[in-house]
Amino acid sequence: PEEPWVAPWVRRGEKVQPDWTIYIGASEFAVHRVFLAAGAADNSKGSEFFRRVFKASASAAAAAPTALPQCTRFSNLPHGCGCDCFQTVLTYLYDGEWARGSACEAVCVLRLASHLMIGDLQAESLDYVCSQLQHDCGSQALQILLQLITVGGLPEDLVQRAVAAVGVRIHTRGYDAAD
């Protein structure tokens, strides 16, 4: 029988005590700072956002010897990004891989990777979104592009790459409003 899937941060938590907790609404993730800050694979550089959080936490702990909470709380994630998307990003930080779903899901991964400043995942997810824009039918490509723009907070160069990908698709394959 096939073993059920276990999240990598849970699997590692069985061997090494987690040293940080992330709260997203009512959800709780017991994690390891080293994976968030450095990533787990050679191709991952980790999260600049969490490196900054950990540095600020260490500075605060040095300045005030009282016990500080070892956690990050997100009251909400960027628009369109839910706990499933966050778990996808956590899996990437732990394993260096992400399961590519639809291009719309990849837009959420891209948005969250931008928010958490995970440069390698930003590049990988944008490449995937752009490749999907070039291969999907016109209306779906435009829908993906609109989602990419409306989730907001993406650097202008990322939005411009997506616009260029749609332009190439329309120029090379045409656009039929019935698509």
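Look up: the structure comes first, before these words.
Keep in mind that this is a model prediction, so the values were computed, not measured.

1. Notes on the overall build of the chain
The number of helices and strands found in the chain is 8 helices and 3 strands. When its helices and strands are written in sequence order, the chain yields α-β-β-α-α-β-α-α-α-α-α. Taking all 179 residues of the chain together, the buried fraction comes to 40%. Intrachain contacts of the chain at a sequence separation of at least 6 include 65% that bridge at least 24 residues. Element-wise, carbon and sulfur atoms account for 55% of the exposed surface of the chain, whose accessible area totals about 9,700 Å².

2. A word on the sheet that holds strand 1 (residues 20-24)
With mixed pairing, 3 strands are arranged side by side in an open sheet as 2-1-3. Two strands in the sheet have a free side with no partner beyond their single neighbour: strand 2 (27-31) and strand 3 (71-74). Adjacent strand axes in the sheet meet at a mean angle of 15° when their direction is disregarded. Where strand 1 lies against strand 2, 5 bridges are found, and the strand directions are antiparallel. Bridged to Ile22 within strand 2 is Phe29. Packed onto the sheet, helix 3 (residues 48-63) meets strand 1 and strand 3 and runs at close to 125° relative to strand 3. Of the strands in this sheet, strand 1, strand 2 and strand 3 touch helix 4 (residues 83-95), which is tilted by about 5° from strand 2.

3. Overview of the state of the cysteines
According to the stated counting rule, one finds 0 disulfides in the structure shown. Cys85 forms no disulfide, and the closest cysteine sulfur to it belongs to Cys81, at a distance of 4.4 Å.

Thresholds, definitions, all that
- Residues numbered from 1 in each chain as written.
- Predicted model: local features only at pLDDT ≥ 70, side-chain atom pairs only at ≥ 80, totals over all residues.
- Heavy atoms only, no water.
- Helix = DSSP H or I, 4+ residues; strand = E, 2+ residues; numbered from the N terminus.
- Buried < 20%, exposed > 50% of the residue type's maximum accessible area, 1.4 Å probe, protein only.
- Contact = heavy atoms within 4.5 Å.
- Areas by Shrake-Rupley, 256 points an atom, 1.4 Å probe, with all protein chains shown as cover.
- Pairing = 2+ DSSP bridges.
- Axes fitted to C-alpha atoms, helices over the stretch in contact; angles between N-to-C directions.
- Disulfide = S-S within 2.5 Å.

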